[in-house]
Amino acid sequence: MAGSVAGDARAAPALYYNDQDPASLFYQGLAQRRLGRAAAARARFRKLARFGRRHLHDAVKIDYFAVSLPEFQVFDDDLARRNEMNCRYLIALGAFGLGRRAEARRQLRLVLRLDPSHQAARCISRCSRASTA
């Protein structure tokens with residue numbers, strides 16, 4: 001259990017295969033909440049949402065090649081679309097963790113409009129609907 005709480009608490013883009021996925025802050029926040037550390041949990045959820053908003057309109061470009069780049073940077077893909085999708089997903093996770101269900105659902109709908117097969121967004125969307133029923 002300590003590993004899930006003690007992970008890197010910084011939000012940063014995952015550029016290399018061994019970089020921490022920023023979404024892991026969501027799971028750290030859930031672990032902190034479960035341990036009764038509400039302030040630490042809220043801090044992680046706010047970081048997620050802030051990171052997503054701050055980078056939502058970044059101009060993403062590749063100016064080098066490395067074998068450790070994730071698939072969206074190696075294969076032909078719309079990097080601006082991918083960036084928007086990832087940032088909106090992080091905003092949704094932060095909003096969901098902070099109890100802002102309507103905002104989370106709105107962001108998840110936008111993610112799924114960009115990529116209907118985004119499994120993580122589908123899963124969180126289902127959890128979001130189930131928790132309000």
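First, a word on what this report is: a plain description of the structure on this page. All figures in this text were calculated on a predicted structure; none of them were measured in a lab.

**What about the overall build of the protein?**
In terms of regular secondary structure, the protein is built from 7 helices and 0 strands. Helices (α) and strands (β) of the protein occur, in sequence order from the N terminus, as α-α-α-α-α-α-α. Across the protein, the fraction of contacts at a sequence separation of at least 24, relative to all contacts at a separation of at least 6, is 56%. In the form shown here, the protein has an accessible surface area of approximately 7,900 Å², with 54% of it arising from carbon and sulfur atoms.

**Regarding the packing of helix H2 (residues 24-34) against helix H3 (residues 38-55)**
Contact geometry for H2 and H3: axes closest at 7 Å, N-to-C directions at 165°. With respect to H3, the element H2 is oriented roughly antiparallel. Two packed elements cross with a definite hand, and for H2 against H3 that hand is left-handed. Here H2 contributes Leu25, Phe26, Gln28, Gly29, Leu30, Gln32 and Arg33 to the contact with H3, which in turn contributes Ala40, Ala41, Arg44, Phe45, Lys47 and Leu48.

**Some thoughts on the environment of phenylalanine 51**
Here phenylalanine 51 lies in helix H3. With 29 residues separating them in the primary sequence, phenylalanine 51 and proline 22 have C-alpha atoms 8.9 Å apart.

**Looking at a positive patch on the surface**
On the surface, Arg42, Arg46, Arg50, Arg54 and Arg100 cluster together to form a positively charged patch. As for its position among the elements, arginine 46 is in helix H3.

**Focus on the nonpolar core**
Formed by 20 residues in total, the largest nonpolar core has its most connected members in Phe26, Tyr89, Leu90 and Leu93. Among the secondary structure elements, those contributing two or more residues to this core are H2, H3, helix H5 (79-97), helix H6 (101-114) and helix H7 (119-132). Ranked by residues supplied to this core, first place goes to H5 with 7 residues. The contact partners of phenylalanine 26, leaving out residues within four places of it in the chain, are Phe45, Leu48, Leu93, Phe96, Gly97 and Ile124.

**Some details on the packing of aromatic side chains**
Inspection of the entire model under this criterion finds 3 aromatic pairs. Relative to phenylalanine 45, the ring of phenylalanine 26 lies with its centre 5.9 Å away and its plane at 50°, an arrangement referred to as tilted. With phenylalanine 26 in helix H2 and phenylalanine 45 in helix H3, this residue pair connects regions lying 19 residues apart in the sequence. Side by side, phenylalanine 26 and phenylalanine 45 carry an identical accessibility label, which is buried. Taking the centre distance of 6.1 Å and the plane angle of 45° together, the rings of phenylalanine 26 and phenylalanine 96 count as tilted. Of this pair, phenylalanine 26 sits in helix H2 while phenylalanine 96 sits in helix H5, and the two are 70 residues apart along the sequence. Three or more aromatic residues joined by ring pairs form one cluster here, namely Phe26, Tyr27, Phe45 and Phe96.

**Describing the pattern of salt bridges**
Here the structure, examined in full by the defined rule, presents 2 salt bridges. Residues arginine 53 and glutamate 103 are paired through a salt bridge, measuring 2.3 Å at the closest nitrogen-oxygen approach. Remark: glutamate 103 occurs in helix H6 and arginine 53 occurs in helix H3; sequence separation between them is 50 residues. Looking at glutamate 103, the relative accessible area reads 19%, which means it is buried.

The rules behind these values
Residue numbers run consecutively from 1 along every chain, following the written order of its sequence. Under the rules for a predicted model, residues below a pLDDT of 70 receive no local features and side-chain atom pairs below 80 are neither given nor counted, while totals for whole chains, interfaces and linings still include all residues. The side-chain quantities take in all heavy atoms of the structure and omit both hydrogens and water. Secondary structure elements follow DSSP: runs of H or I of four or more residues count as helices, runs of E of two or more count as strands, with numbering from the N terminus. Pairs of residues are marked as contacts when any of their non-hydrogen atoms sit within 4.5 Å. Here the accessible surface of atoms and residues is derived via Shrake-Rupley with a 1.4 Å probe, and residues count as covered only by protein chains that are part of the display. The axes used here are C-alpha line fits, helices contributing only the stretch in contact, and every angle between their N-to-C directions lies in the interval 0 to 180 degrees. Each angle receives one of four descriptions, namely roughly parallel if under 35 degrees, roughly antiparallel if over 145, roughly perpendicular if within 65 to 115, and oblique otherwise. The sense of a crossing depends on the near helix, which, turned anticlockwise from the far helix by less than a right angle, makes the crossing left-handed and, turned clockwise, makes it right-handed. A patch consists of residues exposed above 30% relative accessible area that lack any salt bridge, with like charges linked at up to 9 Å and nonpolar side chains (Val, Leu, Ile, Met, Phe, Trp, Tyr) linked at up to 5 Å. For this document, the term salt bridge refers to a Lys or Arg side-chain nitrogen within 4 Å of an Asp or Glu carboxyl oxygen. Positive charges come from Lys and Arg, negative ones from Asp and Glu, while His and the chain ends are left out of the count. Where a charge sits is defined by one atom per residue type, namely NZ (Lys), CZ (Arg), CG (Asp) or CD (Glu). Residues enter a nonpolar core if they are buried and are Ala, Val, Leu, Ile, Met, Phe, Trp, Tyr or Cys, with the set joined through side-chain atoms within 4.5 Å. Residue burial is assigned from relative accessible area. The probe radius is 1.4 Å, only protein chains are included, and a residue is buried under 20% of its type maximum, exposed over 50%, and partly exposed in between. Any pair of Phe, Tyr and Trp rings, taking the six-membered ring for Trp, is counted once the centres come within 6.5 Å. Such a pair is stacked with planes under 30 degrees apart, edge-to-face with planes over 60 apart, and tilted for the rest.

Purely geometric numbers; function is a separate question.
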